[in-house]
Amino acid sequence: MLFLCLTSTNEYGPVKDNDLLDELIIGVANNDKEAFNLLYEKTSVSVYSFALSILKNAHDAEDVLQDCFISIYDSASEYRSYGKPMAWIITIVKNLCLKKLRDRKKEPEPLSDNTDISFSDNGSVTAEDKILLTMCMNVLSDEERQIVVLHAVSGFRHKEIAQILSMQLSTVLSKYNRALKKLRKNMTKGEQDV
Amino acid sequence: MNNKELENKIKQAFSHSVPNVLDAVIENRSNSKGKVIVMTQEKKKRTWIGYVSGIAAALVVLVVGIMGFNIYNNEYKVDSTVSLDVNPSIQIKVNQNERVLEVNPLNGDAEKVVEGMDFKGSDLDVAVNALIGSMLRNGYITELSNSILVTVNNDDMEKGIALQEKLAQEINALLQTDTFSGAVLSQTVVENTELKNLSDTYGITIGKAQLIQQIVNQNPLYTFEKLVPLSINELNLLSSSSNTTLENVDSIGSASDKNYIGVQKAQEAALSHAGISADDAVALHAEMDYEDGIMIYEVEFYYDVYEYDYEIDAKSGAVLKSEKDFDDDAVRPENGNNGTSTDIPSNNNTSADNGNSGNSTNTGSGTSSGSTGSGNSSVNASYISAEKAKQTALSHAGVSESDIREYDIEMDREDGIVVYEINFKSGNFEFDYEINAETGSIIKYEKEFDD
């Protein structure tokens, strides 16, 4: 297990171009449209995926994606976390999601089934993607899903994930491995069913 | 499929599902362009205002002469705004020569502090001295709550920082009382629209808004809203307890935790609840946190094969939450004491991480002391043995031990219950069992055709 931990933390770096992202955010602060477009291109997948992993609802996650970039646009001039741009952005996402969850509680009508996620708006989702996404939503616990997304999609190291989610490194590692195991198990089951 | 391949598939699936909202964001921002003022523009705007007052002043110059303009600028123009936050929040505006133009109490407590005092025209030092004295006299800064936040707002960052450092030193000296020392946080801010909005929305100073925002940036679990009601001492405790260094805040002295039971007592409370001695607990760690409106200590430690998580009320020492998780990872910080727990009852021992070792699970009383000594996990006596779990599964499946292959048993935690996960193959079938480790009952079983 220790061996696994060492290899996995070395193998995947965080989103590599921290310096570039720093520059882009400074560019956004100076009203540079190109910088904003590029920043969106580089980080929107991480933003949306993390939001989806918390909210389990494609529509809400899209709202957060939009609000997050509005927030980045507005507060780029206060950006001081040089060297840790993704942590800054992920914090924004997290806070927006928590707000969304609070708002949900206030809504009078019962929530529609969270797990019924429609991906139909987007043409690039394949049938296989759809199965895997649904599996991530249904099979994994909230924490497992967030850990998997932060590592597999955004490339955060387990150590960084432990900081982001305020967990012990050992907890992150065990949850991560358990999550992959669960997914793999369900995938083979799915194949056998077919 | 290996981990890497699975990760790539997950990444791909999520990437494909991202909607494109870039145009919507850009449209949103261009519609409200008037509201968005990035810093560079803001500065330009100020210079422009500066120009107008300059021109206005120039008209005066025609009459009074250049001297008049200088006097105006030196004497009446606000150069720096200093705010002091304890819980009372007081704002002091000073001119270029650090003479007080006005003192504004920003809340009820602050009104009490400034009551009956007139600082207009006095030196900033004198005013600060008197205000700190009044806060001490009125019991706002005490041994139990000794933190103060000093914030300087000046368009000239360098000048702001110089004033901030000077004030922090002065206030720190004033707070060295006979009975306790103060803790001074200080920062320089350049006002911007977001901070201004936050300070207006929550009725707090820009300084406190920036402090909270920094703590939130460091710890994503906090929200701005949640931290607003906290005093500066509590905010100071939170940020110092979690060892986060706030980038733009200087800190002298340490926040008082005398109002609370302290880290030591919190750890004791958790350990005594768990029935574990401090010497046996591994990687014992406690930090202060704020949850559901109260200050708490989060205490964590490992013992045996478990990870313990406690939340202790920071004032009463009551156990608010306790969690005991099976920790199936050997990755532990500093496990110096681990593996020496030979005093655990031995007849129920099992090697839970036996993973791929087939059906040679080491059970039975003879092997136990050896396995614990070599660092293998020993399992709480209240759980059935792995062998018992195995027999339960085999008898349910109706197969004998000699007929099975690829046997695998693992301990896991599912929905808060500790279970044995058992897989094996027999004949043309693959069997999956989940057995409740406490009761020995079968929670789940699957029999699948294995081709």
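Described in the following lines is the structure provided in the data block. (Residues numbered from 1 in each chain as written. Chains lettered and ligands numbered in written order. Predicted model: local features only at pLDDT ≥ 70, side-chain atom pairs only at ≥ 80, totals over all residues. Heavy atoms only, no water.)

With that settled, the discussion passes to the interface of chain B and chain A. Each side of the interface is counted separately: chain B has 57 residues, and chain A has 69 residues. For the chain B and chain A pair, buried surface summed over both sides reaches about 5800 Å², with 56% attributable to carbon and sulfur atoms. Seen at the junction of chain B and chain A, the total is 4 salt bridges. Of the charged contacts in the structure, one is a salt bridge between Glu410 of chain B and Lys181 of chain A, with a shortest N-O distance of 3.0 Å. Scanning the region where chain B abuts chain A turns up 14 residue pairs in polar contact (both at pLDDT 80 or more). At the level of elements, helix H1 (3–16), helix H2 (22–31), helix H3 (39–64), helix H9 (206–218), strand E8 (294–303), strand E11 (404–414) and strand E14 (442–449) of chain B are the ones that each hand at least two residues to the side of chain B that touches chain A. A class-by-class count of the residues in the side of chain B that touches chain A yields 22 nonpolar, 15 polar and 20 charged. (Contact = heavy atoms within 4.5 Å. Buried area = accessible area lost by both parts, 1.4 Å probe. Salt bridge = Lys/Arg side-chain N within 4 Å of Asp/Glu carboxyl O. Polar contact = N/O pair within 3.5 Å; in protein donor to acceptor, adjacent residues only side chain to side chain. Helix = DSSP H or I, 4+ residues; strand = E, 2+ residues; numbered from the N terminus. Nonpolar A, V, L, I, M, F, W, Y, C, P; charged D, E, K, R; others polar.)

Because each turn of an α-helix spans 3.6 residues, side chains separated by three or four positions in sequence point in the same direction. In terms of residue burial, helix H11 (residues 232–241) of chain B counts as a mostly covered element, since 8 of its 10 residues are buried. When we look at burial in H11 of chain B, the residues that qualify are Ile232, Asn233, Glu234, Leu235, Asn236, Leu237, Leu238 and Ser239 of chain B. (Buried < 20%, exposed > 50% of the residue type's maximum accessible area, 1.4 Å probe, protein only.)

What follows concerns the packing of aromatic side chains. Working definition: an aromatic ring pair is given by the centre-to-centre distance plus the angle between the planes. According to the stated counting rule, one finds 11 aromatic pairs over all chains in the structure shown. Taking 5.1 Å as the distance between ring centres and 75° as the angle between the ring planes, the aromatic pair formed by Phe36 of chain A and Tyr73 of chain A counts as edge-to-face. Placement of the pair is Phe36 of chain A in helix H3 (residues 33–55) and Tyr73 of chain A in helix H4 (residues 58–75), with a sequence separation of 37 residues. Neither Phe36 of chain A nor Tyr73 of chain A differs from the other in exposure class; each is buried. Arranged with centres 5.1 Å apart and planes meeting at 20°, the rings of Phe424 of chain B and Phe431 of chain B form a pair that is stacked. (Phe/Tyr/Trp six-rings, centres within 6.5 Å; stacked < 30°, edge-to-face > 60°.)

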